[in-house]
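Residues per chain, in single letters:
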Amino acid sequence: MMNEDKVHEIIQRWRETPEDLKPEDYQQFRDVGAACLSGDDGQQLLKFIQDEKNQGIVKSMGCGLLAPLVDELVRNKKSHDHCQTAITQLTKTCSSRTLLESFLELIEDLDPGAISETILVLLPHLQIVLLQLDENRAAGVGLVLSALHKQLSRLPVPYTQQQEEADEHGLCRSCVALATFTRPFIDGVKKKDENCNPTPEDEKLKAEILKFCMLSLKEPLLEAELNQDRKSTLWLFAVEIMVILPAIKESLPGLLFFSSLRKSTSMDTDLSKESAACLAYLLFVQLIAMDTFPAVFSPVFILQCNMEHINQLLSRKKESHLLKGLALFAKSLEKVEDNSLPVGLLDLESFYSAPQNLRQVLTNCPIQHLRESGLKVFQLFINKLDAEAKHKFFRCMLKTSHHAGVEGYIVNNIRSQIQSSIKGEANKWFLGMELLPLLELVLSLPRAAETDLLTNMDKIMESLNLLRCLLMKDKEMKSDADIWEELCRIKDEYLKVLRVCISMSRAYYSAEMKVLKEEQKLRVKEAKDHARSTRLLKTITVKNDKVTHMSPEVQFQVLQSALVTFDLMESLVVRIDEITEETQGKTH
Amino acid sequence: MTTDQFLPMDDKSATAVFAANGIDVTPRKDQGVFKVVRRQGLDGDRPMIGDKVTVHYTGKLLTGKKFDCSWERKEPFCFNVGKGQVLKAWDIGVLSMQRGEVCSLLCKPDYAYGPTGNPDKIPPNSSVVFEMELLNFEGEILTADGGIMRRIKVKGEGYSNPNDGATVDVHLEGRCGDRLFDCRDVSFIVGQGEDKGIPLGVDRAMDKMQRGECCLLYLKPKYGFGNEGKPEYKVGPDKEIVYEVTLKNFKRAKESWEMDLNEKLDLVSGVKTKGNQYFKAGRHHQAVIQYQRIISWLELECGTGMEQHKKIQDYVSTAHLNLALCFLRLKEFSQAVDNCNKVIEHDESNEKALYRRGEARLLRNEYSLAMADFQKVLEVNPFNRAARAQLSSCQSKMKEHQEQEKKIYANMFQKFAERDSKTGRMKRRKDESTRSGMNGEVGIKRRRRSQDCPS
């Protein structure tokens, strides 16, 4: 530590020869300032900065004080006023360029524990500095925004309502402050747009602000849980972003629907895809800015465009993304008339992959409420397809899903389509020649007689049920002799294999059951003997390693219920045989 | 240009007023859309189907209530006309307008918001009136680089388009300036138009066309006959050409999910050979299409048994490697890197994938990443002399780059000022490095042919 005289001496030298300051001087100036602050002498530092005689020094070296001042502000609420005044004084005296440089450095190495606090302190001053900048303001704004966003993206996005209200890490507050921060720049651009042709500099500024909006849409908005009824801080931030976009002449239809042909911007494609998807969600689901969105697009076109966004959202395995994807899917479908989507739409890439991603959610997603709402959307999608499109979609799902649950669900849908076409207008897709290839897919066992009946149970039961219904509607079905004949052939073939399969499975499971019973008897005996238990347990593991982790009682129940299932299938097969005989009796 | 004189009124009187002053523009003449011209446009200058049109409009209910207005948003509205993107009445109405025309359209619910209306804005079963000004229109741009522009003369039917591998029957008329150089009926496979002397642009436009469509395609040289021209048609190098194409019929190729694995495996080797032929002939775009088909078919297959699994894996990684090579030639470096990554995911010591990724990264000025790749290549195969040569070129480029960086960071604000000039310079430098890379390649090719050929 230097004594007071020494400091005065140095300051005197700085005052006299401001032209030959060395790097050591900058460091020393900074150290003295920092020492002042840590010694609770902030007041004195402020006086120094404000002193007319020191303006030369402050002008050239003042920026060095920013970091300690900001640090002090964040740490120590007591010194708030004079630190603020000091920074304000610096922003008036120092050159804007060096100020900006210092601020950027400051942002780059923010203390991870005080990100939002520091940002909130910095923003008003940064705004002044940037507004003072005459040249390259756009580039400056861009650098500042992306640096700030980078820091904010390190903060966790609140998951629950409580977390969002508490805003422990200050993300929500900072976002809103950031939106306020951009306002004067946007107003400037807007004014110029109204008056005359914008300069290249204005265009650059718009591009930088757009980039910031897109970044914010991805982070934190895509991650956030938003709810129209609960206008949370992040919801308000979303509104801000949606107001900024039209203000910088970025039309929402352009960003959402016609983006693929836009000249490639500096953003990478994944970012802009995810951001656009979030934008679509905010507009169509949260209805933010919906009143400024043109009301003249056709619902099918909106669905078609949104399908890209839906696909993007559903392809990620994150709850927040899936939730948004499902909501956007449902909303886009609701506007479309039932039975109206033509088959040609299914040729579009996104109309293939979005339902496939949805199917993944149904079969693989561990979160129950997503699976439930997913199933609703899945049915809604089916309802909107016209007959030919349904036919194609069912075929596609039966071929690609490899999941008995989904297949069973599709078979169920096929049955209701057949029933409604019997009742109403006959169409060739569900009551004519075209029904047969579909039935062939339904009435097939993936591994013939060796099919695992238990994993495929859902599909088999639905298929048998479908067969039963078809045969009971024999009057309608027999109107075309060829179709009836072919149907009977497919049915006979299927039932033949299924019968073999059932009897093989039953034999296997009965044998297992027998073994289990024997073992239990042995074990009871053994328990009496109190001996040699280890060796016997080992035999169980060897014999049936699939179920060894279950207790014998559970194993017994499993085997029992398997046998019941086979009985159930068989009784359905028998019932179908009976109906067949009855209908044949009628014709002869 | 105001029509407030007509509003508000009921459905009947509105129809009467519009019928007296205007014309029914619906094709079926069912009085679904009436048009009253307020200001004549340029005679005969009408948009064509698919054109990107720019309009200003106000939408009102018959009560006079405004429900949507682009003038208030201070932002003209753009869309592709005649393609079902907007209300039916709009597609019909705008196609009937001339450049600069101002008109009012009375639209019946069937042509507007239908029986459901639009929540909060339009009650069910409402007729609506649009005031409309056609500001501008231009052909539809089909590719991001603007190399293909389309204007549709006759609209096709439905949504279905020919996909890659589809068989199409078309009528073609190719023109260069006013001169007709090609006029014929021809059938070809999408992705392989090259074989029938059909330029890339026509081939690539097929998957945007519907059955029965007749359109004009304006092709930049890149999508026409390039810098070679086409002597048999007497088309010189770097010429812009126009094709009139009628899609008479087509049969889509099966989707991947419609084929079973054996079917795919039967076809794959043929597709691969086709791709290699195109590559050898320098038709990289066409080669890409073929290799990508292989990936779309086999990407998600795993086959039964180890042998089949390996066969599929081999096809897929070869296709990725070949794609990487194509994209290197096309200077699409990030796509080249992506394809190499796909291979490296499965096989982290794949020499070719590492080498090609290194090349791509070097050309993207990612020196240290490129270096790591070439070093990895040498770990896998210490005798790869090409990689050694690349490594030293990496080092020298890196040094050069570091000096540059130092200068730039010396003063951040100089960086702002130099930003523009720098991008120019970087571009130039990239070109240079590409060029020297290619020269180097000739030498390398002699030593290590395998790295540079599709396999």
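Since this is a predicted model, take the numbers as computed values, not measurements. (Residues numbered from 1 in each chain as written. Chains lettered and ligands numbered in written order. Predicted model: local features only at pLDDT ≥ 70, side-chain atom pairs only at ≥ 80, totals over all residues. Heavy atoms only, no water.)

Colleague: Would you mind showing me how to read the overall build of chain B here?
Modeller: What chain B contains, in helices and strands, is 12 helices and 13 strands. Counting every position in chain B, which comprises 455 residues, the buried fraction comes to 50%. Put simply, 66% of the contacts in chain B that link residues at least 6 apart link residues at least 24 apart. Of the roughly 21,900 Å² of accessible surface on chain B, 50% is carried by carbon and sulfur atoms. (Helix = DSSP H or I, 4+ residues; strand = E, 2+ residues; numbered from the N terminus. Buried < 20%, exposed > 50% of the residue type's maximum accessible area, 1.4 Å probe, protein only. Contact = heavy atoms within 4.5 Å. Areas by Shrake-Rupley, 256 points an atom, 1.4 Å probe, with all protein chains shown as cover.)

Colleague: Explain the packing of aromatic side chains here, please?
Modeller: To describe a pair of aromatic rings, one takes the distance between the centres and the angle between the planes. Tallied over the entire structure, the rule returns 33 aromatic pairs over all chains. Measuring from ring centre to ring centre gives 6.5 Å for Phe351 of chain A and Phe381 of chain A, while their planes differ by 40°; the resulting arrangement is tilted. With Phe351 of chain A in helix H18 (residues 349-364) and Phe381 of chain A in helix H19 (residues 368-384), this pair connects stretches of sequence that are 30 residues apart. Neither Phe351 of chain A nor Phe381 of chain A differs from the other in exposure class; each is buried. We note Lys231 of chain A situated over the ring of Trp235 of chain A; from NZ or CZ to the ring centre the distance is 4.7 Å. Arg211 of chain B extends its terminal NZ or CZ atom over the ring of Phe250 of chain B, reaching a point 4.3 Å from the ring centre. (Phe/Tyr/Trp six-rings, centres within 6.5 Å; stacked < 30°, edge-to-face > 60°. Lys NZ or Arg CZ within 6 Å of the ring centre and 35° of its normal.)

Colleague: I tried to follow the UniProt feature "domain: PPIase FKBP-type" (unreviewed entry) in chain B on my own but got confused; where do I start?
Modeller: UniProt records the feature "domain: PPIase FKBP-type" (unreviewed entry) for residues 50-138 and 165-251 of chain B in the present numbering. Here residues 50-138 of chain B runs as 13% helix and 39% strand, with 9 Å between its end C-alpha atoms. (UniProt positions renumbered as here; feature names shortened; annotations may be inferred.)

Colleague: Hey, could you run me through the sheet that holds strand S10 (residues 167-176) of chain B in this one?
Modeller: Pairing between sheet strands relies on hydrogen bonds along the backbone, with the strands arranged either parallel or antiparallel. Residues and elements named next belong to chain B. The strand order S8-S9-S12-S13-S10-S11 describes an open sheet built from 6 strands, whose pairing is antiparallel. Both outer strands of the open sheet, strand S8 (140-141) and strand S11 (179-189), are each paired with one neighbouring strand and no more. As defined by bridge partners, strand S12 (residues 214-219) adjoins strand S13 (residues 241-251) across 6 bridges and the pair is classed as antiparallel. Across the sheet, Tyr218 pairs through a bridge with Val242, a residue of S13. (Pairing = 2+ DSSP bridges.)

Colleague: Could you clarify how one ought to interpret the interface of chain B and chain A in this entry?
Modeller: Of the residues lining the interface, 36 residues belong to chain B; the matching set on chain A comes to 38 residues. Around 3,100 Å² of area is buried between chain B and chain A when both sides are counted, 61% of it from carbon and sulfur atoms. Between the two partners, chain B and chain A, sit 2 salt bridges. In this structure, Asp347 of chain A and Arg252 of chain B form a salt bridge, with 3.3 Å as the shortest nitrogen-oxygen distance. Elements with a minimum of two residues in the side of chain B that touches chain A: strand S5 (77-80) and helix H12 (412-447) of chain B. Top element by residues in the side of chain B that touches chain A is H12 of chain B. It accounts for 6 residues. Across the side of chain B that touches chain A, the residue classes break down as 18 nonpolar, 8 polar and 10 charged. (Buried area = accessible area lost by both parts, 1.4 Å probe. Salt bridge = Lys/Arg side-chain N within 4 Å of Asp/Glu carboxyl O. Nonpolar A, V, L, I, M, F, W, Y, C, P; charged D, E, K, R; others polar.)

Colleague: Explain the confidence of the model for chain B to me, please; I cannot follow it from the model alone.
Modeller: Residue and element names in this part refer to chain B. When pLDDT is averaged along chain B, the result is 87; 87% of the residues meet or exceed 70. Across residues 422-450 the pLDDT falls below 50, and counting only partners more than four positions away or on other chains, this stretch makes 27 contacts in the model. Here the predicted complex carries an ipTM of 0.80, next to a pTM of 0.84. (pLDDT = per-residue confidence, 0-100.)

Colleague: Would you mind going over the domain arrangement of chain B with me for this structure?
Modeller: Buried accessible area, meaning the area lost when the parts come together, often serves as the stated size of an interface. All names here are of chain B. Taken as a whole, chain B is organised into domain 1 (11-138), domain 2 (148-251) and domain 3 (261-396). Inter-centroid distance (C-alpha atoms) of domain 2 to domain 3 is 30 Å. The partner domain 3 presents 8 residues to the 11 residues of domain 2 that form the contact. A buried area of about 910 Å², summed over both sides, lies between domain 2 and domain 3, and 46% of it is on carbon and sulfur atoms. By the criterion of area lost to domain 3, the three top residues of domain 2 are Gln192, Glu194 and Leu200, representing 46% of everything that side buries. Residues Arg283 and Glu194 are paired through a salt bridge, measuring 2.6 Å at the closest nitrogen-oxygen approach. For the side of domain 2 that touches domain 3, the class distribution of residues is 1 nonpolar, 3 polar and 7 charged. (Domains from an automatic or database assignment.)

Colleague: For this particular structure, what's the right way to read the packing of helix H9 (residues 137-152) of chain A against helix H11 (residues 171-195) of chain A?
Modeller: Between two packed helices, what matters for the description is the angle formed by their axes and the separation of those axes. Residues and elements named next belong to chain A. Between H9 and H11, the shortest axis-to-axis distance is 11 Å and the interhelical angle comes to 175°. In terms of axis orientation, H9 runs roughly antiparallel to H11. Of the residues in H11, those touching H9 at Arg137, Val141, Val144, Leu145, Leu148 and Leu152 are Leu171, Ser174, Leu178, Phe181, Thr182 and Phe185. Partitioning the contact of H9 with H11 into residue classes produces 9 nonpolar, 2 polar and 1 charged. (Axes fitted to C-alpha atoms, helices over the stretch in contact; angles between N-to-C directions. Parallel < 35°, antiparallel > 145°, perpendicular 65-115°, else oblique.)

Colleague: Is there a simple way to explain the state of the cysteines in this structure?
Modeller: By definition, a disulfide links the sulfur atoms of two cysteines through a covalent bond. Residues and elements named next belong to chain B. Scanning all chains against the criterion turns up 0 disulfides over all chains. Of the cysteine sulfurs around Cys340, a residue in no disulfide, the closest is that of Cys326, at 12 Å. Given a relative accessible area of 1%, Cys340 falls into the buried group. (Disulfide = S-S within 2.5 Å.)

Colleague: How do you make sense of the nonpolar core when you look at a structure like this?
Modeller: Core analysis: the largest hydrophobic core is formed by 213 residues, its most contacted members being Leu282 and Leu464 of chain A together with Trp90, Tyr113 and Phe130 of chain B. At 13 residues, the largest contribution of residues to this core is made by helix H26 (residues 481-529) of chain A. With residues near it in sequence (within four places) discarded, Tyr113 of chain B still touches Ala295 and Val296 of chain A together with Phe67, Leu87, Asn118, Ile122, Val128 and Phe130 of chain B. Counting 31 residues, the second largest nonpolar core, distinct from the first, contains Ile49, Val202, Met206 and Tyr243 of chain B. (Core = buried A, V, L, I, M, F, W, Y, C linked by side-chain atoms within 4.5 Å.)

Colleague: In this structure, what is going on with the pairing of strand S6 (residues 102-107) of chain B? I would like to understand it.
Modeller: Regular strands have side chains that alternate between both faces of the sheet. Residues and elements named next belong to chain B. The element S6 is largely enclosed, with a buried count of 6 among its 6 residues. Burial along S6 is two-sided: the residues Val102, Ser104 and Leu106 and Cys103, Leu105 and Cys107 are all buried. Judged from the 6 bridges that link them, strand S2 (residues 33-39) and S6 form a sheet pairing that is antiparallel. The partner of Val37 across the bridge, within S6, is Cys103. Relative to strand S7 (residues 128-138), S6 runs antiparallel, the two being bridged by 6 bridges. Residue pairing for S7: Cys107 is matched across the bridge by Val128.

Colleague: In this structure, what is going on with the UniProt feature "repeat: TPR" (unreviewed entry) in chain B? I would like to understand it.
Modeller: Residue and element names in this part refer to chain B. With numbering matched to this structure, UniProt assigns "repeat: TPR" (unreviewed entry) to residues 317-350 and 351-384. Secondary structure within residues 317-350 divides into 79% helix and 0% strand; the distance between the first and last C-alpha atoms comes to 10 Å. Secondary structure within residues 351-384 divides into 79% helix and 0% strand; the distance between the first and last C-alpha atoms comes to 9 Å.

Colleague: Help me understand the pattern of salt bridges, please; the structure alone is not making it clear to me.
Modeller: Oppositely charged side chains are able to pair whenever their charged atoms sit close together. Under the definition given, this model contains 51 salt bridges over all chains. One salt bridge in this structure joins Lys218 of chain A and Glu274 of chain A, with 3.6 Å as the shortest N-O distance. Linking Lys218 of chain A in helix H12 (residues 200-221) with Glu274 of chain A in helix H15 (residues 269-284), this pair joins segments that are 56 residues apart in sequence. With relative accessibility at 26%, the residue Lys218 of chain A sits in the partly exposed group. Between Lys222 of chain B and Asp145 of chain B there is a salt bridge; the shortest N-O distance is 2.8 Å. Taken together, the positions of Lys222 of chain B in the loop between S12 and S13 and Asp145 of chain B in the loop between S8 and strand S9 (148-154) put the pair 77 residues apart, joining distant regions of the chain. Judged by its relative accessible area of 42%, Asp145 of chain B is partly exposed. The network of salt bridges with shared partners includes Asp347 and Lys392 of chain A together with Arg252 and Glu255 of chain B.

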